[in-house]
Amino acid sequence: MRLVQEARKEDPELSVNQAVIRIGQRVGVNPDTLRGWVKQSQIDAGERPGTTTDDASRIKQLEAEVRELKRANEILLAASSFFARELDPRLPW
C-alpha cells in the first residue's frame, strides 16, 4: 500500500488502478487484492467513505452477540413454556 502511495506521489497523473497494476506486478501481488487493501486503507484513514476495519470487527462481534442472545431467548421461552405446563396441567399447550 505504501508503494502505491509513493508511486502516486512521484507521478500525480498516475491513477490508483495504474499504480496498483504496476506495483502488484513488481511485488507479486494480485492487483485486485492490492486494490482492495489500498481502498480499505483509504477508508480507515478517512479519505473515502465506507466501513472502517475497526467498525467492521465491532459489527461482526455485535452480530455474534445478538445471535447468542436470540438463542438464549429461545431456550428461555421453551423452558418457561415447559414449566408453565408442569405447574398448570389444564393449559392446552
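Structure: above.
Residues numbered from 1 in each chain as written. Predicted model: local features only at pLDDT ≥ 70, side-chain atom pairs only at ≥ 80, totals over all residues. Heavy atoms only, no water.

Colleague: Account for the overall build of the protein, naming residues and giving values.
Modeller: Assigned secondary structure in the protein consists of four helices and zero strands. The N-to-C order of helical and strand elements in the protein reads α-α-α-α. Against the globule reference of 12 Å for 93 residues, the protein gives a C-alpha radius of gyration of 26 Å, more extended than a compact globule. Burial statistics for the protein: of 93 residues in total, 14% are counted as buried. Look at the contacts in the protein between residues 6 or more apart in sequence, and 19% of them connect residues 24 or more apart. In the protein, 15 positive and 15 negative side-chain charges are present, and the distance between their average locations comes to 3 Å. (Helix = DSSP H or I, 4+ residues; strand = E, 2+ residues; numbered from the N terminus. Rg over C-alpha atoms; globule rule 2.2 N^0.38 Å. Buried < 20%, exposed > 50% of the residue type's maximum accessible area, 1.4 Å probe, protein only. Contact = heavy atoms within 4.5 Å. Lys, Arg positive; Asp, Glu negative; His and termini not counted. Charge placed at Lys NZ, Arg CZ, Asp CG, Glu CD.)

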